[in-house]
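Given next are the chains, with one letter for each unit.
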Amino acid sequence: MLRSKFKTAAIALTAAAGLVAGSSASAKGTVEVLHWWTSGGEAKAVSQLKKMLEEKGYHWKDFAVAGGGGESAMTALKSRVISGNPPGAAQIKGPAIQQWGDTGMLANLDPVANKQHWDKLLPPVVSKVMKYDGHYVAVPVNVHRVNWMWANPEVFKKAGAEIPTTWDEFVKAAKKIQDAGMIPVAHGGQAWQDATTFESVVLEVGGADLFRKAFVDLDPKALGGDQMVEAFRRLKVIKGFTDKDAPGRDWNLATAMVIKGKAGMQFMGDWAKGEFSNADMKPGKDYICKPFPGTAKDFTFNIDSFVMFKQSGANQDAQRAMAETIMEKKFQILFNKLKGSIPVRPDIDMSQFDTCAQESMDDFQAARENNTLVPSMAHGMATFPAMQGAIYDTVTNFYNSDQSPEQAAKELAKSVSQAEPSGI
Amino acid sequence: MSDASPKTRSALQPPLLDRLGAQLPKLVLAPTFAVSLFFVYGFIGWTAWLSLSKSRLLPNYDWAGLSQYVRLFENHRWWVAAENLFIFGGLFIAFAMVIGLILAIFLDQRIRVEGAIRTIYLYPMALSLIVTGVVWQWMLNPDLGLTSVMHSLGFSGFQFDWIIDRNMAIYAIVIAAVWQASGFVMALFLAGLRGVDDAVFKAAQVDGASLPRIYWRIVIPSLRPVFFSALIILAHIAIKSFDLIKAMTNGGPGYSTDVPATFMYTFAYTRGQLGMGAAAAMMMLMAVLALIIPYLYSELRGGRNG
């Protein structure tokens, strides 16, 4: 009796399991998405994508691996790829897409791209990143600007300083803030933050030209040249305007110093905006967003993207639907308002975005026209991780030691050439 | 006939059982042996192979000779990491041993509530290194730790900022590691001290030796095997140290507190330089072998003599 009951239960369970499996198979396919957007606004932003995809009838399988820079996510991805079972989509950006393309496992997104005319929507410098061997393999989600300065107008007023727009104005303003007993620049002493400030300084010293020669073409003459020496010198000037407790500080704690009025300004990408909004501050009134002094015409971009791995049947449809959804106007608006970035398409009504995002969009389009749109080195958009790492090491070692700017520039050229270009 | 079958069975059984009995330990050990052969030595071999290949983002078996090692040795950061291992390992082992030994000798004086005190000293070992790292990072952080407490108590001249000073940060890590491990070393030494016969003390006291002299000349030399065990355990903790550094400084300021383990992780996993990371891992293996082989040699030779 008992046994037969057990048997029926087992059969019922199996049937139920079959039903569940059947129902998910009868849906229009599944896309498994590897990403590391797990904190606050980011998580909210990515859940929009999930919602929109599910509305279209596709199944979203979340494969979130926490860890800000995505290091753990990449390790997880590698093990999945080596075991021959890659997820449908993974958050990979910059030249690393080319390295993954070499594995021959990426899906061709050209059908979607042709349908939505991505070639017309995206600036060539961006579409080049998304293509492998002439075919789209990745879809861009958003555009972050890295060369921003976030300022607290209260602090500037108290010190009697003006919001700087050039290097000389910056030095003057910073001195005034320092004399008034406040910290001019809030900085977090971590390698990526040192590099983020440094790349803006390079942009200020030598413009988009030097930036491209140094960080994209990795030209030893540019990396070890006089302008680079000057950039290193100015980086130390900025260090002189930071507090001594900066080493190891997280970027959002540095932003908090600006919010609380302890520090005057911070050099950070536009993800810092989320911290200000969370503190109920209004752009233009409670805080000021301006390009890094002397780089108003230039735009350092950091673009998040999803790379698609080859799938078949219904899952391929789901994958393509995801790519299509990402480029839709509706998603671009929803997502980027939550993430603090701007849409990748130029044809979006920006009136519902805040003033910082509007300025960012204007500058993005202007930079596209003027050819001053450059990929961020500090955020992995300009070079392979190996060379980026070599630049990080040199910059952070210089920042934290008594090395002379001349030595640092020489070391930069040397270490980048040693890092050798990466294939697979 | 009825009793014939048990006879034949009993005649057959003992050899079979005996044979089984003789093979049983080997049979039982075989799976673990196979697993460790594969997962430990197999993977050491794989890492060695990768270190001689052109592997970057993913494993790739194009022969690269020793070029990954050449690149490793040309890298300034690697030498900082190696030097840090030397400083960290040396100071960590020395301080943990000395403090552990002193604590053990004090505890051995038949004091009251010894059990409670022993537990208190041993507890840090129960924490994972990541917890130790985070807690010490908070305590040493000049913004919110010890320094700010002293300032709020009115000692405004107090300054302890090793953790943000690139020349001193590695010593701050030594402090945390010693705090974590010296209780454990104390337990090792205490066990050794308890093994020393009371008669030795009495005989020495009859001969007029003072207590410090007894310890210095008789007891401590007799603890030689304990010293060896402690050295091996601490040395491998030092060489493997990864979590403590990740939690306390994450290699910073700059890369001044990088150690070979964090270096290896950074290059192999975050920078897509698997081959160079594997070369760094092989260098760490060499460091371990340099310690273990003399130890094994002396142990095995000792066994033969004994």
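Note that the structure is predicted; figures quoted are calculated from it, not measured.

What counts, and at which threshold
Residues numbered from 1 in each chain as written. Chains lettered and ligands numbered in written order. Predicted model: local features only at pLDDT ≥ 70, side-chain atom pairs only at ≥ 80, totals over all residues. Domains from an automatic or database assignment. Contact = placed C-beta atoms within 7 Å. Nonpolar A, V, L, I, M, F, W, Y, C, P; charged D, E, K, R; others polar. Helix = DSSP H or I, 4+ residues; strand = E, 2+ residues; numbered from the N terminus. Axes fitted to C-alpha atoms, helices over the stretch in contact; angles between N-to-C directions. Parallel < 35°, antiparallel > 145°, perpendicular 65-115°, else oblique. Left-handed = near helix turned anticlockwise from the far one by under 90°. Pairing = 2+ DSSP bridges. Core = buried A, V, L, I, M, F, W, Y, C linked by C-beta atoms within 7 Å. Buried ≥ 20, exposed ≤ 12 C-beta atoms within 10 Å, placed from the backbone. Expected span 1.5 Å × (residues − 1). Arc of directions from axis to C-beta.

### Re the domain arrangement of chain B
Residues and elements named next belong to chain B.
1) Next: With domains assigned, chain B is organised as domain 1 (1–51) and domain 2 (71–305).
2) Next: One C-alpha centre belongs to domain 1, the other to domain 2; they are set 41 Å apart.
3) Next: At the interface, five residues of domain 1 touch seven residues of domain 2.
4) Next: Residue classes in the side of domain 1 that touches domain 2 are distributed as three nonpolar, two polar and no charged.

### Section: the interface of chain B and chain A
Frequently, the measure chosen for interface size is the accessible area removed from exposure when the parts meet.
1) Next: On the chain A side, the residues contacting the 23 residues of chain B number 25 residues.
2) Next: At the level of elements, α2 (67–74) and α12 (260–270) of chain B are the ones that each hand at least two residues to the side of chain B that touches chain A.
3) Next: Looking at the side of chain B that touches chain A, its residues break down into seven nonpolar, nine polar and seven charged.

### Description of the packing of helix α3 (residues 76–107) of chain B against helix α7 (residues 169–194) of chain B
Packed helices, taken two at a time, are described by their axes: the angle between them and the distance between them.
All names here are of chain B.
1) Next: In the contact formed by α3 and α7, the axes pass within 6 Å of each other and the chain directions differ by 40°. Judged on the interaxial angle alone, α7 and α3 are oblique. Remark: the crossing between α3 and α7 carries right-handed chirality.
2) Next: In the contact of α3 with α7, the residues fall into 24 nonpolar, three polar and no charged.

### Remarks on the sheet that holds strand β8 (residues 148–151) of chain A
Residues and elements named next belong to chain A.
1) Next: Across the sheet, which stays open at both edges, the four strands sit in the order β9-β10-β8-β11 with mixed pairing between neighbours. Both outer strands of the open sheet, β9 (183–186) and β11 (288–291), are each paired with one neighbouring strand and no more. The average undirected angle you get between the axes of adjacent strands in this sheet is 25°.
2) Next: In the sheet, β9 pairs with strand β10 (residues 263–267) via three bridges, with the strands oriented parallel. Along β10, the bridge assignment pairs Ala 186 with Gln 266.

### Notes on unusual backbone geometry
All names here are of chain A.
1) Next: A positive phi angle, near 55°, is found at Leu 218, a position not held by glycine.
2) Next: By the secondary structure assignment, Leu 218 is in the loop between α10 (191–216) and α11 (220–223).
3) Next: The backbone phi angle of Asn 371 is positive, close to 60°, even though this residue is not glycine.
4) Next: Along the chain, Asn 371 turns up in the loop between α17 (355–370) and β14 (373–375).

### Digging into the sheet that holds strand β13 (residues 305–308) of chain A
Residues and elements named next belong to chain A.
1) Next: In space, the five strands of this open sheet follow the order β2-β1-β3-β13-β6, with mixed pairing throughout. Strands with a single pairing partner mark the edges of an open sheet, and in this sheet they are β2 (59–64) and β6 (138–140). On average, each strand axis in the sheet is tilted by 20° relative to the strand beside it, whichever way the strands run.

### Describing the nonpolar core
1) Next: Grouped together as the largest cluster of nonpolar side chains are 127 residues, with contacts concentrated most on Trp 150, Val 307 and Met 308 of chain A.
2) Next: Looking at which element gives the most residues to this core, the answer is α10 of chain A, with eleven residues.
3) Next: Composition of this core by domain shows at least three residues from each of domain 1 (27–144 + 302–360) and domain 2 (146–301 + 374–418) of chain A.
4) Next: When neighbours within four sequence positions are excluded, Met 308 of chain A is seen to be in contact with Gly 88, Ala 89, Leu 106, Ala 107, Leu 109, Val 137, Gln 319 and Ala 323 of chain A.
5) Next: Trp 78, Leu 85, Ile 173 and Val 226 of chain B belong to the second largest nonpolar core, which has 61 residues in total.

### A word on helix α3 (residues 71–82) of chain A
Residue and element names in this part refer to chain A.
1) Next: Between the first and last C-alpha of α3 there are 17 Å, a value that for twelve residues agrees with the 16 Å anticipated at 1.5 Å per step.
2) Next: Those residues of α3 not exposed but buried are Ala 73, Met 74 and Leu 77. All buried residues of α3 project into a common sector of 95° when viewed along the axis, lining one side. Residues of α3 that are exposed and angled more than 90 degrees away from the buried face: Ser 79 and Ile 82.
3) Next: Summarising the contacts, the buried residues of α3 are in contact with β1 (30–35) and β3 (89–91).
4) Next: Positive backbone phi, approximately 80°, marks Gly 84, located one or two places after α3.

### A few points about the domain arrangement of chain A
Residue and element names in this part refer to chain A.
1) Next: According to the domain assignment, chain A consists of domain 1 (27–144 + 302–360) and domain 2 (146–301 + 374–418).
2) Next: On a C-alpha basis, the centres of domain 1 and domain 2 stand 28 Å from each other.
3) Next: In this complex, domain 1 contributes 16 residues to the contact, which on the side of domain 2 involves 18 residues.
4) Next: Elements that contribute at least two residues to the side of domain 1 that touches domain 2 include exactly α4 (96–101) and α17.
5) Next: Broken down by element, the residue count for the side of domain 1 that touches domain 2 peaks at three residues, all from α17.

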